[in-house]
Amino acid sequence: MQILIHSADAEQWQTAIAKALPTATVISSHVTLEARHNADYLVAWQPPGWLFEEQKGLKGIINLGAGVDALLNNPALPAGVPIVKLRDAGMADPMIDYVRYAVLHFQRDFDRYARQQARIQWQEQPLAPKAEWGIGVLGLGAIGARVAQTLAADGFPVHGWSRRPKALDGIRCYHGEEGLATLLGQVKSLVTLLPNTPATRDIINAETLAALPPGASLINPGRGSLIDEAALLEALGPVDAETRSGKDDGNGDTGRLRGAVLDAFAYEPLPADSPLWRHPRVLITPHMAAPTPRDAALEQVIDTLKAWQAGEQVPSVDPAAGY
Ligand code: NDP
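In short, a report on the structure. As the structure is a prediction and not an experimental result, all values here were calculated from the model.

The rules we used
Residues numbered from 1 in each chain as written. Predicted model: local features only at pLDDT ≥ 70, side-chain atom pairs only at ≥ 80, totals over all residues. Heavy atoms only, no water. Phe/Tyr/Trp six-rings, centres within 6.5 Å; stacked < 30°, edge-to-face > 60°. Helix = DSSP H or I, 4+ residues; strand = E, 2+ residues; numbered from the N terminus. Buried < 20%, exposed > 50% of the residue type's maximum accessible area, 1.4 Å probe, protein only. Pairing = 2+ DSSP bridges. Axes fitted to C-alpha atoms, helices over the stretch in contact; angles between N-to-C directions. Contact = heavy atoms within 4.5 Å. Salt bridge = Lys/Arg side-chain N within 4 Å of Asp/Glu carboxyl O. Near = heavy atom within 4 Å. Polar contact = N/O pair within 3.5 Å; in protein donor to acceptor, adjacent residues only side chain to side chain. Areas by Shrake-Rupley, 256 points an atom, 1.4 Å probe, with all protein chains shown as cover. Nonpolar A, V, L, I, M, F, W, Y, C, P; charged D, E, K, R; others polar. Domains from an automatic or database assignment. Parallel < 35°, antiparallel > 145°, perpendicular 65-115°, else oblique. Left-handed = near helix turned anticlockwise from the far one by under 90°.

Moving on: the packing of aromatic side chains. Aromatic ring pairs: the centre-centre distance and the angle between the two ring planes describe each pair. By the definition in use, this model includes 1 aromatic pair. Here the aromatic rings of Tyr41 and Trp308 are separated by 5.0 Å at their centres, their planes lie at 10 degrees, and the arrangement is stacked. Of this pair, Tyr41 sits in strand S3 (residues 41-44) while Trp308 is found in helix H12 (residues 294-309), placing the two residues 267 residues apart along the sequence. For Trp308, a relative accessible area of 11% gives the class buried.

Below, the discussion takes up the sheet that holds strand S12 (residues 282-284). Taken together, 7 strands build an open sheet; the order of strands is S8-S7-S6-S9-S10-S11-S12 and the sheet is parallel. Taken across any chain shown, the strands that pair with only one partner, and hence form the sheet edges, are strand S8 (172-175) and S12. Neighbouring strand axes in the sheet, compared pairwise and without regard to direction, differ in orientation by 15 degrees on average. Its contacts with the sheet place helix H7 (residues 176-184) against strand S6 (135-138), strand S7 (158-162), S8 and strand S9 (189-192), and it is angled at close to 155 degrees to S7.

Our focus in this paragraph is the pattern of salt bridges. What the rule picks out here adds up to 9 salt bridges. A salt bridge links Arg146 to Asp88; the nearest nitrogen and oxygen atoms lie 3.3 Å apart. Of this pair, Arg146 sits in helix H6 (residues 144-153) while Asp88 is found in the loop between strand S5 (83-85) and helix H4 (92-107), placing the two residues 58 residues apart along the sequence. Of the residues examined, Arg146 reaches a relative accessible area of 32% and is grouped as partly exposed. For Asp88, a relative accessible area of 17% puts it in the buried group.

For the rest of this paragraph, the subject is the site of the ligand. Around the ligand sit 29 residues, and of these Lys85, Leu140, Ile143, Arg164 and Tyr323 come closest. One of the backbone N or O atoms of Ile143 is found 2.8 Å from an oxygen atom in the ligand. Between Gly222 and the ligand, the recorded distance is 3.5 Å, taken from a backbone N or O atom to an oxygen atom. Compared with its free state, where it exposes 950 Å², the ligand has 94% of that area covered by protein. Of the residues in the shell around the ligand, the class split is 15 nonpolar, 7 polar and 7 charged. Taken together, domain 1 (2-89 + 292-309) and domain 2 (92-284) each give at least three residues to the shell around the ligand, which thus spans both.

On to the packing of H4 against H6. The interhelical angle for the contact between H4 and H6, taken along N-to-C directions, is 50 degrees, at an axis separation of 9 Å. Here H6 runs oblique to H4, going by the angle between their axes. Regarding H4 and H6, the two cross each other, and that crossing is right-handed. Residues Ala92, Asp93, Met95, Ile96, Val99, Arg100 and Val103 of H4 pack against Arg146, Val147, Thr150 and Leu151 of H6. Taken together, the residues that form the contact of H4 with H6 break down as 7 nonpolar, 1 polar and 3 charged.

Structure, rendered in structure tokens:
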């Protein structure tokens, strides 16, 4: 079995996989063309097109991340080669922390207290009970389902949405367009953990934002493509209305949407001239919500390679669905 690795830290993956699979030949895409000829399996993060042009005998590809959008959008990707992506692989835990922090940012008014501090204003906000703080989680996959169930265990009413009907303990589950509309009307924080596919592109748009109750907040650690940024800015309202006029509600919540916590963007790094950078009710993080921990990922990579070596089927990505 010949395994080709392509990632920024390919040498570390190479050493770890070679140790776990001593009979396999494991090489990095950084070596010469002759040496990397005819790999059976590719283990990669965002491989370039030329790698597919030269590798004509691939029997399987392991995507070193949960999102397969970049891989599926690669025009050189050979058709019919099974793709296995990481499923949770240690990413759900940091994602839970990220989303929990973002929900509390709004539910415990940290956004308002930050603005009050800027005005040197000591004013306690009334506590919004968790039981009345509905959370919507769009995407109930390996990561989304764990986020939803953790928030439900924290005491929030959680509504989840997936492509196919789903049943999850403690979560009100919806699917389809009607299900989405029902969910949106009930949530104070909307969390987007959907993959980037043609069906999910701009799913957060003027219409879906308008369906949220006034004062709702958006948390997007999923993909930038999910958000129509112009519609988001419109829903957030004018950037500096509060500082200019001082005529807002005293909390700086001048727009229909109370605020947004964003980790993923259509263009990364987020361009310096994006108005999102300077919006006082937007918190921006640089796609750091849930990095892939190598140990947990390695375990899944090895299990998949062993299963393929034994001729077993491994659940793989559905290219038609796009995830
Ligand atoms: P999965 O592929 O396991 O799950 C995707 C979920 O989205 C499923 O519940 C699926 O429905 C649902 N879905 C897909 N298409 C649609 C649609 N058209 N309508 C409704 N629901 C849909 O993904 P993960 O949970 O592993 O990860 C979610 C996303 O989080 C990733 O795609 C990635 O973009 C992002 N991510 C971001 C990270 C970061 O650091 N910011 C790190 C890791 C992931 P069904 O259950 O019916 O299949």
